[in-house]
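Below, each chain spelled out in residue letters.
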Amino acid sequence: MTILQQIKSQYRLDWDGTHGVRHWARVRRNGRIIGEYWGLCPKGIRVVDLFAIFHDACRENEYTDPDHGPRGAALAHSMRDQLDLDAWQLKNLLLACEIHTSCMRDPSLPPVVKTCLDADRCDLGRVGIRLHLDYIHNLKAIKMVQTLTGQRLV
């Protein structure tokens with residue numbers, strides 16, 4: 001069973017819903033665009049790709065679910081042997097999942113985590129939320145996503 005199949009087997013919401021696989025695909029696309037801007041190495045891009053599928057994988061509803069990030073991190077941690085990550089990658093994947101709903105702009109975060117957070121936030125428009133600059137780590141990268149995807153973000 002692939003990683004995605006395992007996640008799908010435990011996913012409680014509509015697979016094609018607001019926080020489902022289509023959202024994950026957009027987060028991955030956004031993350032790759034932002035990651036290119038930051039100059040992330042392939043190891044960093046792997047973190048971004050995995051963040052896209054784990055960050056909302058354990059949501060219990062489509063609305064308020066403040067603990068879904070830590071649950072997604074716990075799921076990733078439980079599957080760590082299948083993910084083929086080194087310690088740096090796993091640490092950053094887990095951190096990004098854990099804080100993705102609550103973290104405001106934080107200059108001390110590693111670029112790979114900032115990329116994950118911004119990639120997810122670039123897709124807030126799907127639920128009618130506009131980006132707030134206090135939550136964006138790299139406005140130039142966000143504008144690049146906006147240009148390449150045609151989304152109105154800021």
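For clarity, every value in this text was computed on a predicted model and none was experimentally measured.

A. Molecular detail of the pattern of salt bridges. One pass over the full model with this rule turns up seven salt bridges. The residue arginine 32 makes a salt bridge to aspartate 49 at a minimum N-O spacing of 2.7 Å. Of this pair, arginine 32 sits in helix α2 (residues 21-38) while aspartate 49 sits in helix α3 (residues 42-54), and the two are 17 residues apart along the sequence. Judged by relative accessible area, which is 35%, arginine 32 ranks as partly exposed. Glutamate 60 is paired through a salt bridge with arginine 71; the nearest N and O atoms lie 3.6 Å apart.

B. A look at α2. Taking 1.5 Å of rise per residue, the 18 residues of α2 would be expected to cover 26 Å, and the 25 Å separating its terminal C-alpha atoms lies within 8% of that figure. If you follow the buried residues of α2, they end up packed against α1 (3-10), α3, α7 (111-121) and α8 (139-149). Following α2 by one or two positions, glycine 39 has its phi on the positive side, about 75°.

C. Region of interest: the side chain of threonine 115. Along the polypeptide, threonine 115 turns up in helix α7. Threonine 115 has contacts with Gly31, Ile34, Gly35, Trp38, Leu40 and Val48, leaving out every residue within four places of it along the chain.

D. Local environment of the packing of helix α6 (residues 87-99) against α7. Running from N to C, α6 and α7 cross one another at 35°; their axes reach a closest spacing of 9 Å. In this structure, α6 crosses over α7, and the sense of that crossing is right-handed. Contact residues: Trp88, Asn92, Leu95, Ala96 and Ile99 in α6; Val112, Val113, Cys116, Leu117 and Arg121 in α7. Looking at the contact of α6 with α7 residue by residue, the class counts come to eight nonpolar, one polar and one charged.

Rules used in this analysis
Residues numbered from 1 in each chain as written. Predicted model: local features only at pLDDT ≥ 70, side-chain atom pairs only at ≥ 80, totals over all residues. Heavy atoms only, no water. Salt bridge = Lys/Arg side-chain N within 4 Å of Asp/Glu carboxyl O. Helix = DSSP H or I, 4+ residues; strand = E, 2+ residues; numbered from the N terminus. Buried < 20%, exposed > 50% of the residue type's maximum accessible area, 1.4 Å probe, protein only. Expected span 1.5 Å × (residues − 1). Contact = heavy atoms within 4.5 Å. Axes fitted to C-alpha atoms, helices over the stretch in contact; angles between N-to-C directions. Left-handed = near helix turned anticlockwise from the far one by under 90°. Nonpolar A, V, L, I, M, F, W, Y, C, P; charged D, E, K, R; others polar.

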